[in-house]
Amino acid sequence: MKRNPACAIEYVQYLNEKGELTQPIPKWAEQSNLLLRYYREMVMARHADQKAISLQRTGKLGTYPSILGQEAINVVIGSVLNKDDVFVPYYRDHTAMVMRGMKQADVYRYWGGDERGSANPDVGKDLPYCVPIATQVSHATGVAAAIKIRGEQRAVLCTCGDGATSKGDFLEAINLAGVWQLPVVFLINNNQWAISVPRTIQCGAPTLAQKGIGAGIPALQVDGNDVIALHEIVSEALQRARLHKGATVIEAISYRLGDHTTADDATRYRTNEELRDAWQREPIKRLQHYLHQRGDWDESKEQRLQAQAADQVQQAVDEYLQTPQQSINDLFLYHYEELPAGLAEQLSEADMANQLQEKAGQRG
Ligand SMILES: Cc1ncc(C[n+]2csc(CCOP(=O)(O)OP(=O)(O)O)c2C)c(N)n1
Ligand SMILES: [Mg+2]
């Protein structure tokens, strides 16, 4: 019996969980600057994430999806996209979005229920957070089709979770991207859980990457806790897209170390042993080990970075907490060109409530 090599799924890793190289390092990583940037951004990400959870716990933020353990995917996306590429994120991409131009205070605004968090013009053509599962994947295919029709050298990068790949939206979108050879990279953050549903019972296939092969798209797996492997694979896929060589599906193997969101309690459905094992593979420690070994990192640099990160995050929190109250009228203003009569009536009541609120505010 012969195996079809087109169906084999490669798994790429450079830096293992102990912070050791498992194959010769790529040329760009011989220099320290980008690796140090990745380390700093991941530390910053963890501080910002932890702060979001504390804000939620003290009633100052709404439901929030933590990126704990998925920092490597975030920082690599934030760095390898060109300015005029288009990032189509899902809800677990905070730091990638910040590195693309979103303010950390806007991340807090968004998850605090304030849509003005998505209104920063510096974010360019990237799409906003997407919470409905997998719908962003068809948006990404649509954006990539537009880029192809215009003959531009730009790529689209779309993220989604492992659970999202079970949805028709994902399969339909990658099918079209494959047949039309669209300039799009689909990056699956396989964090092993879709809320309380483990990867093993989401899909019978041994890998999620192989769904790409079904759509005629080159596909592979990468260690999602290894910034070197992620950088190599995602950059190469984006470059293929920009050069009109078609789409790629990348399954990044990670782990969701936190609860699904602040509304969840993962201790109800997963074991302490599994979590303890996953902590051994997390992305920050392994890069720290490696940088130490290379002589690029030490305790005093670490202390300085921790202090800087805490400071920077606190500034974002202060800015967020000083955000002026949103007008109740905003609930009505953006859905209809002309408001239906019933809603127009509610708007005038809301407007009165607004004015009373403002007066109360002025009185002090
Ligand atoms: C269309 C739709 N159905 C259901 C939900 C509820 N929901 C929110 S997150 C989630 C699980 C998604 O898991 P996965 O795709 O693995 O992403 P992860 O949250 O693990 O990053 C579900 C079912 C939703 N947001 N949208
Ligand atoms: Mg998941």
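Calculation notes
Residues numbered from 1 in each chain as written. Chains lettered and ligands numbered in written order. Predicted model: local features only at pLDDT ≥ 70, side-chain atom pairs only at ≥ 80, totals over all residues. Heavy atoms only, no water. UniProt positions renumbered as here; feature names shortened; annotations may be inferred. Donors = N, O, S within 2.8 Å, 3.2 Å for Na, K, Ca; no water. Buried < 20%, exposed > 50% of the residue type's maximum accessible area, 1.4 Å probe, protein only. Core = buried A, V, L, I, M, F, W, Y, C linked by side-chain atoms within 4.5 Å. Helix = DSSP H or I, 4+ residues; strand = E, 2+ residues; numbered from the N terminus. 1 Å grid on protein atoms, 1.4 Å probe; cavity = no way out; pocket = protein on both sides within 12 Å on 5 of 7 lines; lining within 4 Å. Points joined across faces, edges and corners; volume = space filled by probe spheres on them. Salt bridge = Lys/Arg side-chain N within 4 Å of Asp/Glu carboxyl O.

The name given to the protein chain in an unreviewed UniProt entry is Pyruvate dehydrogenase E1 component subunit alpha, with the source organism recorded as Zooshikella harenae. Under the Subunit (unreviewed entry) heading, UniProt states for the protein chain: "Heterodimer of an alpha and a beta chain." If you open the UniProt record of the protein chain and go to Cofactor (unreviewed entry), you find "thiamine diphosphate".

Attention shifts here to the coordination of the magnesium ion (ligand 2). The coordination sphere of the magnesium ion (ligand 2) contains the protein donors Asp162 (OD), Asn191 (OD1) and Trp193 (O), at a distance range of 2.1 to 2.5 Å. Between consecutive donors of the magnesium ion (ligand 2), the numbers of intervening residues give the motif D-x28-N-x1-W. One exposure class covers both Asn191 and Trp193, and it is buried.

Quick look at the nonpolar core now. Counting 68 residues, the largest nonpolar core has Tyr108, Val227, Ile228 and Leu287 as the members making the most contacts within it. In terms of residue count, helix H1 (residues 33–57) provides more of this core than any other element does, 12 residues in total.

The next subject is empty space enclosed by the protein. Counted by the stated rule, this structure contains 2 cavities of 30 Å³ or more. Its volume calculated, the largest cavity comes out at about 40 Å³. Around the largest cavity sit Ala45, Ala48, Asp49, Tyr64, Ile67, His94, Thr95, Gln104 and Val107, which together line it. When residues of the lining of the largest cavity are traced back to their parent elements, those giving at least two are H1, helix H3 (94–99) and helix H4 (104–111). When residues of the lining of the largest cavity are assigned to their parent elements, the largest contribution, 3 residues, is made by H1. Computed from the structure, the second largest cavity encloses a volume of approximately 30 Å³. In terms of lining residues, the second largest cavity is bounded by Phe87, Pro89, Met97, Arg100, Val123, Asp126 and Leu127.

Within the UniProt annotation, "domain: Dehydrogenase E1 component" (unreviewed entry) is assigned to residues 39–327. Within residues 39–327, the helical portion is 47% and the strand portion 11%, while the C-alpha atoms at the span's ends are 40 Å from each other.

Turning our attention to the pattern of salt bridges. Summed over the entire model, instances satisfying the criterion amount to 16 salt bridges. Between Glu41 and Arg37 there is a salt bridge; the shortest N-O distance is 3.8 Å. Taken together, the residues span about one helical turn, with Glu41 and Arg37 both in helix H1 at a distance of 4 residues. Relative accessible area serves as the criterion here: at 33%, Arg37 is assigned to the partly exposed category. With a shortest N-O distance of 2.8 Å, Arg154 and Glu152 are connected by a salt bridge. A network of salt bridges, in which partner residues are shared, links Lys103, Asp106, Arg109 and Glu319.

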